[in-house]
Amino acid sequence: MVRVFTLCLSLALVVVGVAGVTSGAPTWLVTLDFIAGAVGIALDMMLLRSRGRQSVLVAFGMSTALVVLFFAGVVAGAAPWLTWAIFAMGAGFFAIGCARAFSRSMYAGDL
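What you see is a predicted model, and the numbers here were worked out from it, not measured in a lab.

Okay, the overall build of the chain next. Counting its secondary structure elements, the chain contains four helices and zero strands. The helix and strand sequence of the chain, counted from the amino end, reads α-α-α-α. Taken across its 111 residues, the chain has 39% of its residues classed as buried. Look at the contacts in the chain between residues 6 or more apart in sequence, and 72% of them connect residues 24 or more apart. In the form shown here, the chain has an accessible surface area of approximately 6,100 Å², with 75% of it arising from carbon and sulfur atoms.

Here it is as structure tokens:
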């Protein structure tokens, strides 16, 4: 079940990227947003069978990358709705990483 949340967050990154393209957001931020979404989807599909430590590392890695992208967007003066959406998804990946890391079986419901 938790894997569905990571896939939804990755797809939401792609949707935010599309919204960024239509609203004229900076090209570099939209491109990195699309890349983050594609990497999230690819990692989620790669780790479809493996559980445990790898899925925790992926969630925390995505969270870290998105928070760095958020700060880069804030410093560059990008649209606030876009940067805060990226931050919200980074916080979501962090919450998923915590749920996976601190569950009793480290599977967090992926039985």
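Moving on to the packing of helix α3 (residues 53-76) against helix α4 (residues 80-101). Two packed helices can be described by the angle between their axes and the distance between those axes. It is at 8 Å that the axes of α3 and α4 come closest, and there the two elements cross at 160°. One element, α3, and the other, α4, form an angle in the roughly antiparallel class. Judged by the twist between their axes, the crossing of α3 over α4 is left-handed. Along the lines of polarity and charge, the residues of the contact of α3 with α4 split into 18 nonpolar, six polar and one charged.

Moving on to the nonpolar core. Ranked by internal contacts, the top residues of the largest apolar core, which has 19 residues, are L13, L29, L66, L82, I86, M89 and F93. Breaking this core down by element, the ones donating at least two residues are α1 (2-23), α2 (27-46), α3 and α4. In terms of residue count, α4 provides more of this core than any other element does, six residues in total. Other than its neighbours up to four places away in sequence, L13 contacts D33, A36, G37, M62, L66, M89 and F93.

Before going further, it helps to examine the confidence of the model for the chain. With 86% of its residues at a pLDDT of 70 or more, the chain shows a mean pLDDT of 84. Put simply, α1 is where the chain has its lowest mean pLDDT, 88, and α4 is where it has its highest, 90.

It is worth spelling out α3 at this point. Counted at 1.5 Å a residue, the expected span for α3 with its 24 residues is 34 Å, and the 35 Å between its end C-alpha atoms agrees. Taken together, the buried positions of α3 are S55, V56, A59, M62, S63, L66, L69, F70 and G73. Phi for G77, located one or two positions after α3, is positive at around 75°.

Definitions and limits used
Residues numbered from 1 in each chain as written. Predicted model: local features only at pLDDT ≥ 70, side-chain atom pairs only at ≥ 80, totals over all residues. Heavy atoms only, no water. Helix = DSSP H or I, 4+ residues; strand = E, 2+ residues; numbered from the N terminus. Buried < 20%, exposed > 50% of the residue type's maximum accessible area, 1.4 Å probe, protein only. Contact = heavy atoms within 4.5 Å. Areas by Shrake-Rupley, 256 points an atom, 1.4 Å probe, with all protein chains shown as cover. Axes fitted to C-alpha atoms, helices over the stretch in contact; angles between N-to-C directions. Parallel < 35°, antiparallel > 145°, perpendicular 65-115°, else oblique. Left-handed = near helix turned anticlockwise from the far one by under 90°. Nonpolar A, V, L, I, M, F, W, Y, C, P; charged D, E, K, R; others polar. Core = buried A, V, L, I, M, F, W, Y, C linked by side-chain atoms within 4.5 Å. pLDDT = per-residue confidence, 0-100. Expected span 1.5 Å × (residues − 1).

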